[in-house]
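Spelled out, the chains give:
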Amino acid sequence: MTILKTRTSRRTFLQATGAAGAAAGAAHLGGLTTAGEAQAAAAKGDGKTVVTKSICAQCPARCGIDVHTTDGRVHGIYGNPDHPISNGKLCPKGPLGLYVLYDPDRVKGPMKRTNPAKGRNEDPKFVPVSWDEALNTVAARLNTLREKNEAHRFALLFGRGWGASEVGVPINSFAALYGSPNVGIGHSSLCSDGSVLAKQCTDGNASYNSYDYRNANYLLMFGANFLEAFRPYNNNMQVWGYIRGDKAPKTRVTAVDVHMNQTLAAADRGLMVKPGTDGALALAIAHVILTEGLWERSFVGDFADGVNQFKSGQAVEPGAFREKWVHGLVDWWNAELKDRTPRWAAGVTTLAERDIVATAREFGSTRPAIALFERGAHNHSNGVYNGMAIHTLNALVGSLYSEGGLAYQMGPAYGDMPVKEDEFKDALSKPTQPRIDLKGHADGYPLAKNMIQEIPKNHLAGKPYKLDTVMFYMTNPVFSAPNATEWERMMKETFVIDTSPFPSETSMYADLILPDHTYLERLQDAPTYPFQGFPLAQLRTPAVKPLYDTKYFGDTLIEIGKRIKAPMAGYYKAIDNTENIIRHLAKGFEKQPGDNGVNSFESWKEKGVWYRKPYHWRQVRGDFFEWDGKAYAKAMSPEEVKAKLLKTPSGKFEIRSSYLEKNAAYVTRHFGMPAEKVGYPQWVEPRHTGGGDLHFITPKNALHAEGRSANMPHAIALMQPAAGGQRQTLMEMHPDTARARGIRDGDTVKVSTDLGSITAVVRVTQLTRPDTVVLPFEHGHWAHGRWAKGRGSFVDSIVGNQSDRISGMASYYTAKVKVERA
Ligand SMILES: Nc1nc2c(c(=O)[nH]1)N[C@H]1C(S)=C(S)[C@@H](COP(=O)(O)OP(=O)(O)OC[C@H]3O[C@@H](n4cnc5c(=O)[nH]c(N)nc54)[C@H](O)[C@@H]3O)O[C@H]1N2
Ligand SMILES: Nc1nc2c(c(=O)[nH]1)N[C@H]1C(S)=C(S)[C@@H](COP(=O)(O)OP(=O)(O)OC[C@H]3O[C@@H](n4cnc5c(=O)[nH]c(N)nc54)[C@H](O)[C@@H]3O)O[C@H]1N2
Ligand code: SF4
Ligand SMILES: [Mo]
């Protein structure tokens, strides 16, 4: 296939070879990106090395990086020593960013498809177009849809983006002004919405947690791969070195997973649980904490007479317990927990009863302790209930907002935008149709945040309608969503716009590609994922002039906005460009300078990060305090706690969730328990897809950078020993399971579900459960560059599209497969 042949103008050629002077680069950028004097000098070829402070983009940890550039070429990426997440260190993927920038298969300028036929084996026959033509083509389509009152048939889907300069302002304002409910559907339901909803149901914060690991003495991790993936990976490794090394006492760790990953291997105790049963384990741990009287009385409360009445199998008199910061404890005990004994959980999880009891005693008697979970625990149909049971353990031991506990990330002190959207609305701005993913709709997923995985199904069925034009920013669901191949059918019927700098699977179905700069070429605010809670605002500054004729996505969307025939064009003209947005954000730092002195746009660029310590709130033995500038000394009233920290209707940690009870009819319909029981963390059997007999787990590994490492030769080379050979990925299978099927180490096997089959090479190992096979995600691309293509197994093509009815989280780890010799 001769795909992605590009127009190599003299200008882009010169830039690509690094011979272009600063002037050509500046013209290319339209004056938007000021790379700085120093970089201009570096580009001149005087041999000097320039260090640009920026932020890694190969995983959501967003580590601060020092990018070393000499003569206009990046030759090294190191950790920024003055950045609180990286502290001068990086994970192995950080330095490999060079491969992202210099990927030979990059899309080198805007392109349009000339072959109307679409399919994996169709050459799109892309031809270069100018930016003007490309932007005008998009604007013309969007104007026509609006004129026909069909604005809803335009969808803009995005993934790894959180910044004000791409999602916050350009996308969100488009959603507010253009008139389609489908502008800005994020990929969060492919990622971690299960954890977000579990928190929302219990403590009212629809968010991920921040963690104070360094002061914790016990970590209990469920389906979160702390030493290979869980965020922020690089800092987790630094934390690990401290809590397992210098710290006294050493923090004890129990990790729960379905196979022996690096985290389990390094933990004090690794529990290999049956997939989908983490909730049962957490309930039994809670049972032991209550029956053995290990709960934190200063936070939870106590029996009026101080005598513990929690006895296995026996109900407790309502009213006997005086609750402090929890709501519904005794109701929960009576309705669910009294029978969730370790023996019962041993039957469900296949773990040994004594291990469950030992874990519960350790967790319940070591303070401070943190129970955390991520995708392993919630990528199942019962994910939110599992997550609620786990998160409730934090309440039982008093870890909410405590030192050595967990909290929620604070936002930075950003300045306001120069204009308000409201002034640029017209009669068509308000959407009149439901969202294509039926999020929030009674027939769909009323409680979910996003349901991106439902889009192809709904489109193909024409329910609620058919899309016309679909634009993608930083997401490639045709590879990464469950039942991924269903997306291809939709993409054949729609006008597809991709913004990826790489020839992704989405690009192969694109009608138009408007390529983004890579992260080392763009000026971009890059908010942190929740870290330690104190506010942190990060900035990417280009380390080199863009190599090719690309444009930062935020600016692409602003330029489209300017071309819409409606008042909204005025808004985008006023915003004008992404640097302008970022300059306005930075104005907030004038009033609140960072601890590192950052108080302006210029100083932000110079340091790459603004932050202000400490975290603002703290719970100490059942009392809540605010930081008064010197100490956690300002006592908070229950009303303030409710407004700022425990944001539930009761103002407490709700073991009996008002949020779920409010939606009882819906929950009952899908889960089958009686309405009065929906609010409690409880055991719900997971529903499996696929129709096979072996659990199919497809996790991330350390060298894998979501959909962005597949074409990086060194990343591939470094993961080979664990994950595969040059063209194949290894699937872990237990010796008993292999023997029963006549499979030997190194055999190629066929792995099938009701959606189809893939092949994999088997690695026979005791590191996985006999009922579970493990095949890493990320390999098996059929596009995405020369080294990515045709290597390994495309796992999401056989994982069924089933979601947790509460969070809408895709149940990736719930499939069951049949494995036979190929
Ligand atoms: N190296 C690397 N790090 C990353 C990313 C990356 O692409 N590469 N991506 C980032 C993103 S977007 C996210 S969302 C986070 C996700 O971070 P994690 O949630 O930690 O990542 P996963 O690999 O999806 O799943 C974690 C673990 O769940 C296990 N598991 C599967 N089913 C079960 C189960 O039923 N119970 C239990 N207890 N465990 C189970 C898997 O074996 C796996 O070890 O990682 C981030 N960090
Ligand atoms: N089996 C299995 N499936 C999974 C997972 C798993 O662990 N196992 N993980 C899930 C999780 S947690 C997530 S978050 C999703 C992630 O899956 P996606 O939402 O698809 O996101 P990414 O893989 O991060 O990147 C998508 C695409 O963005 C494009 N891209 C890369 N860099 C840039 C850039 O600088 N600019 C622009 N405009 N585009 C760029 C590339 O084409 C890339 O393929 O996958 C999910 N799918
Ligand atoms: S942990 Fe993530 S952000 Fe940090 S260096 Fe590694 S890939 Fe980059
Ligand atoms: Mo994710």
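Summarised in this report is the structure supplied together with it. Source: prediction; values computed, not measured.

Rules and cut-offs
- Residues numbered from 1 in each chain as written.
- Chains lettered and ligands numbered in written order.
- Predicted model: local features only at pLDDT ≥ 70, side-chain atom pairs only at ≥ 80, totals over all residues.
- Heavy atoms only, no water.
- Core = buried A, V, L, I, M, F, W, Y, C linked by side-chain atoms within 4.5 Å.
- Buried < 20%, exposed > 50% of the residue type's maximum accessible area, 1.4 Å probe, protein only.
- Domains from an automatic or database assignment.
- Contact = heavy atoms within 4.5 Å.
- Near = heavy atom within 4 Å.
- Polar contact = N/O pair within 3.5 Å; in protein donor to acceptor, adjacent residues only side chain to side chain.
- Areas by Shrake-Rupley, 256 points an atom, 1.4 Å probe, with all protein chains shown as cover.
- Helix = DSSP H or I, 4+ residues; strand = E, 2+ residues; numbered from the N terminus.
- Nonpolar A, V, L, I, M, F, W, Y, C, P; charged D, E, K, R; others polar.
- Pairing = 2+ DSSP bridges.

## Some remarks on the nonpolar core
In this structure, F222 and F696 are the most contacted members of the largest nonpolar core, which totals 146 residues. Built from parts of two domains, this core gets at least three residues from each of domain 1 (211–406 + 648–676) and domain 2 (694–821). With residues up to four places along the chain from it excluded, the contact list for F222 reads V256, D278, L281, A282, I285, L372, F373, E374, A377, I390 and L393. Core analysis: the second largest hydrophobic core is formed by 51 residues, A164, I171, M417 and W604 among them.

## Some remarks on the site of ligand 1
Around ligand 1 sit 34 residues in total, of which A229, D257, D278, R375 and H704 are the nearest. The separation between a nitrogen atom of ligand 1 and a polar main-chain atom of G223 is 3.3 Å. One nitrogen or oxygen atom from the main chain of G376 is found 3.2 Å from an oxygen atom belonging to ligand 1. Relative to its unbound accessible surface of 920 Å², ligand 1 loses 99% to contact with the protein. Of all the secondary-structure elements, those providing two or more residues to the shell around ligand 1 are β10 (252–257) and α16 (375–378). Its residues assigned to classes, the shell around ligand 1 comprises 14 nonpolar, ten polar and ten charged. Both domains that furnish three or more residues to the shell around ligand 1 are identified here as domain 1 (211–406 + 648–676) and domain 2 (694–821).

## Notes on the pairing of strand β32 (residues 816–821)
Sheet analysis places strand β27 (residues 694–697) next to β32, joined by two bridges and oriented antiparallel. Within β32, the position partnered with H695 by the bridge is K816. Pairing of strand β29 (residues 748–753) with β32 involves four bridges; the strand directions are antiparallel. Bridging from a neighbouring strand, V751 pairs with V819 of β32.

## With respect to the site of ligand 3
Around ligand 3, a shell composed of C56, Q58, C59, A61, R62, C63, L90, C91, K93, G94, Y233 and N234 is seen. Partitioning the shell around ligand 3 into residue classes produces seven nonpolar, three polar and two charged.

## A look at unusual backbone geometry
Note the cis peptide between R231 and P232, where omega equals -10°. Secondary-structure assignment places P232 in the loop between β9 (218–222) and α9 (233–246). The linkage connecting K463 with the following residue, P464, adopts the cis geometry, with an omega of 5°. Tracing the backbone shows P464 in the loop between α18 (455–461) and β17 (469–473). Positioned with a positive phi, N87 is a non-glycine residue whose angle comes to about 50°. When its relative accessible area of 31% is taken as the criterion, N87 is described as partly exposed.

Purely geometric numbers; function is a separate question.
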